[in-house]
Amino acid sequence: MAEARDPYLHGLEVYRVGGAVRDARLGWPVYDNDWVVVGATPEALTRRGFRPVGRDFPVFLHPETHEEYALARTERKSGHGYTGFTVHASPEVTLEEDLARRDLTINAMAETPGGELIDPHGGLADLEARRLRHVSPAFVEDPLRVLRTARFLARYAGLGFVIADETRALMAELVDSGELAHLVAERVWTETEKALGEPWPEVYFQALDECGALAQLLPELVADREALDEALGQLHRLPEDIEAEQEVRWRWARLVEHLAEPARVALAERLRLPRAHADLARQAALTRTLRQEAERAAPDGARVMAWLDGIDAWRRSERVAPLISLVSLDAPELAEDLALAWRLAAQILPALLMEEGFKGRELGAELARRRREAIDAAL
């Protein structure tokens with residue numbers, strides 16, 4: 001079964017599995033290959049130079065390609081949550097047994113190094129039907145699969161994929177069982193962060209909402225249904241010219257900018273968000289408030305000054321342009337006013353006032369006064 005050109009695999013029964021098999025047949029980009037080795041032991045792989053990296057089950061890195069090779073294994077439910085499983089890996093475990101433990105049929109396909117498809121659960125048919133369907137009733141044993149299924153929908157919804165009715169029923173059953181309570185916050189955030197990076201991230205939250213998972217995992221979001229619908233519609237409306245690696249952070253900020261500060265902070269603390277994500281959400285919320293106030297009355301210097309202070313613009317000037325770009329999506333005239341106000345105020349530097357003899361507390365007060373004066377002039 002092994003590729004003869006690779007001496008490290010000579011004599012091994014090896015199959016490519018999972019996402020690479022799925023995406024290659026879907027015409028989706030394939031970035032990583034995962035492999036399953038059948039009939040081998042950990043000692044056999046380490047003797048060949050493979051490096052063990054699996055903490056919970058035997059996974060090894062290829063000595064040269066560094067791709068992951070996992071020994072075929074089965075899993076048996078032994079506790080709560082996504083870690084509540086006893087893993088059994090041995091040379092006796094077959095490829096079919098390994099595939100049977102996977103979540104969705106489109107993830108339970110394998111192929112030989114020669115490209116021959118092994119598809120015991122109808123994954124290819126589901127791929128062609130654009131259907132996300134569970135492999136077996138054991139789907140309900142792992143609460144993480146609710147989030148993973150929603151995330152895959154966020155990836156492929158634009159291609160016409162839907163969640164099979166029977167799988168939706170199992171997702172709701174998993175929610176009702178209380179198993180979601182055993183998911184650790186970091187894992188919930190990991191799946192959510194990945195979903196925010198998918199082409200259709202709003203679908204992730206909609207799918208979780210439909211099965212009841214969103215109310216359990218992210219209850220702050222469902223407190224105001226109208227605001228949630230608006231937020232989901234904003235996930236694709238981001239400031240211009242942000243870097244690709246910032247997109248997920250901005251999508252999170254757009255998702256939660258409508259929340260009151262106590263709810264937003266509570267959500268961030270519970271999910272143990274990275275500080276950069278939580279702070280950008282705070283900045284976006286301040287900017288939203290400024291825009292809403294400007295809709296009711298013309299913006300005044302005090303409000304704009306408070307906004308610039310709130311986003312720490314004087315020390316972190318790089319924050320201003322993308323937030324003004326955010327304002328321009330809904331209020332282009334306000335954005336122009338803010339840009340002018342910032343440009344004028346930013347020209348007033350402490351060094352200039354120090355040359356005039358200001359120092360200490362007087363320097364700070366005069367700096368604020370002149371900046372406010374410049375903002376008033378712009379508005």
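Residues numbered from 1 in each chain as written. Predicted model: local features only at pLDDT ≥ 70, side-chain atom pairs only at ≥ 80, totals over all residues. Heavy atoms only, no water.

As annotated in an unreviewed UniProt entry, the chain carries the name Polynucleotide adenylyltransferase and comes from Halomonas heilongjiangensis. Quoted verbatim from the Sequence similarities (unreviewed entry) field of the UniProt record, the comment on the chain reads "Belongs to the tRNA nucleotidyltransferase/poly(A) polymerase family." Comment text from UniProt for the chain, heading Cofactor (unreviewed entry), reads "Mg(2+)". (UniProt positions renumbered as here; feature names shortened; annotations may be inferred.)

Enquirer: How should I be thinking about the overall build of the chain in this particular structure?
Expert: A count of helices and strands for the chain gives 19 helices and 11 strands. In terms of overall dimensions, the chain is more spread out than a globule: its C-alpha atoms have a radius of gyration of 27 Å, far above the 21 Å expected for 379 residues. Each principal axis of the C-alpha atoms in the chain carries an extent, and together these give about 80 × 45 × 35 Å. Residue burial in the chain is summarised as follows: out of 379 residues, 46% are buried. A sequence separation of at least 24 residues applies to 62% of the contacts in the chain between residues at least 6 apart. Only carbon and sulfur atoms are counted for the fraction: they give 49% of the accessible area of the chain, which is about 18,300 Å². (Helix = DSSP H or I, 4+ residues; strand = E, 2+ residues; numbered from the N terminus. Rg over C-alpha atoms; globule rule 2.2 N^0.38 Å. Buried < 20%, exposed > 50% of the residue type's maximum accessible area, 1.4 Å probe, protein only. Contact = heavy atoms within 4.5 Å. Areas by Shrake-Rupley, 256 points an atom, 1.4 Å probe, with all protein chains shown as cover.)

Enquirer: Honestly, the nonpolar core in this entry has me stumped. Any pointers?
Expert: When a protein is soluble and globular, its nonpolar side chains tend to lie buried together. Residues Val146, Phe205, Leu221, Trp252, Leu255, Trp307 and Leu308 are the most contacted members of the largest nonpolar core, which totals 81 residues. The residues contacting tryptophan 252, other than those within four sequence positions of it, are Trp189, Thr192, Leu196, Leu267, Leu271, Leu273, His277 and Ala281. Ranked by size, the runner-up nonpolar core spans 11 residues in total, among them Leu9, Ala40, Phe50 and Tyr69. (Core = buried A, V, L, I, M, F, W, Y, C linked by side-chain atoms within 4.5 Å.)

Enquirer: Where do I start with the sheet that holds strand β4 (residues 59–61) in this structure?
Expert: Strand pairing in a sheet relies on backbone hydrogen bonds, with the paired strands running either antiparallel or parallel. Read from one edge to the other, the open sheet built from seven strands follows the order β3-β4-β5-β2-β1-β8-β9, with strand pairing classed as mixed. Every other strand in the sheet has two partners, leaving β3 (51–52) and β9 (117–118) as the edge strands with one partner each. Against the sheet, helix α1 (residues 19–26) touches β1 (13–17), β8 (110–111) and β9, its axis set at about 55° to β1. (Pairing = 2+ DSSP bridges. Axes fitted to C-alpha atoms, helices over the stretch in contact; angles between N-to-C directions.)

Enquirer: Is there a simple way to think about empty space enclosed by the protein in this case?
Expert: To find leftover empty space, a probe the size of one water molecule is rolled over the atoms. Scanning the entire structure with this criterion turns up one cavity of 30 Å³ or more. As a volume, the largest cavity reaches approximately 40 Å³. Along its surface, the largest cavity is lined by Arg254, Glu257, Ala284, Thr287, Arg288, Arg291, Leu326, Val327 and Asp330. Among the elements that line the lining of the largest cavity, the one with the most residues is helix α14 (residues 275–296), at four residues. Partitioned by chemical class, the residues of the lining of the largest cavity number three nonpolar, one polar and five charged. (1 Å grid on protein atoms, 1.4 Å probe; cavity = no way out; pocket = protein on both sides within 12 Å on 5 of 7 lines; lining within 4 Å. Points joined across faces, edges and corners; volume = space filled by probe spheres on them. Nonpolar A, V, L, I, M, F, W, Y, C, P; charged D, E, K, R; others polar.)

Enquirer: So what exactly am I meant to see when it comes to helix α8 (residues 201–210) here?
Expert: Owing to its 3.6 residues per turn, the α-helix brings residues three or four apart onto one side. For α8, the tally of buried residues reaches seven of 10 residues, placing the bulk of the element in the interior. Within the span of α8, buried status applies to Pro201, Glu202, Val203, Tyr204, Phe205, Ala207 and Leu208. Phi for glycine 212, located one or two positions after α8, is positive at around 90°.

Enquirer: Sorry, what's going on with the packing of aromatic side chains here?
Expert: In this description, a pair of aromatic rings is defined by centroid distance and the angle of the planes. Scanning the model with the defined rule gives eight aromatic pairs in all. Plain terms: the ring middles of tryptophan 35 and tyrosine 69 are 5.7 Å apart, the flat faces sit at 5° to each other, and that makes the pair stacked. Note that tryptophan 35 is positioned in strand β2 (residues 34–38) and tyrosine 69 in strand β5 (residues 68–71), a separation of 34 residues in sequence. Residue classification places tryptophan 35 among the buried positions, given a relative accessible area of 9%. Here tyrosine 69 falls in the buried class, since its relative accessible area comes to 2%. (Phe/Tyr/Trp six-rings, centres within 6.5 Å; stacked < 30°, edge-to-face > 60°.)

Enquirer: Explain helix α12 (residues 247–256) to me, please; I cannot follow it from the model alone.
Expert: Burial of α12 is extensive: eight of the 10 residues sit out of reach of the surface. Buried residues of α12: Val248, Trp250, Arg251, Trp252, Ala253, Arg254, Leu255 and Val256, and no others.

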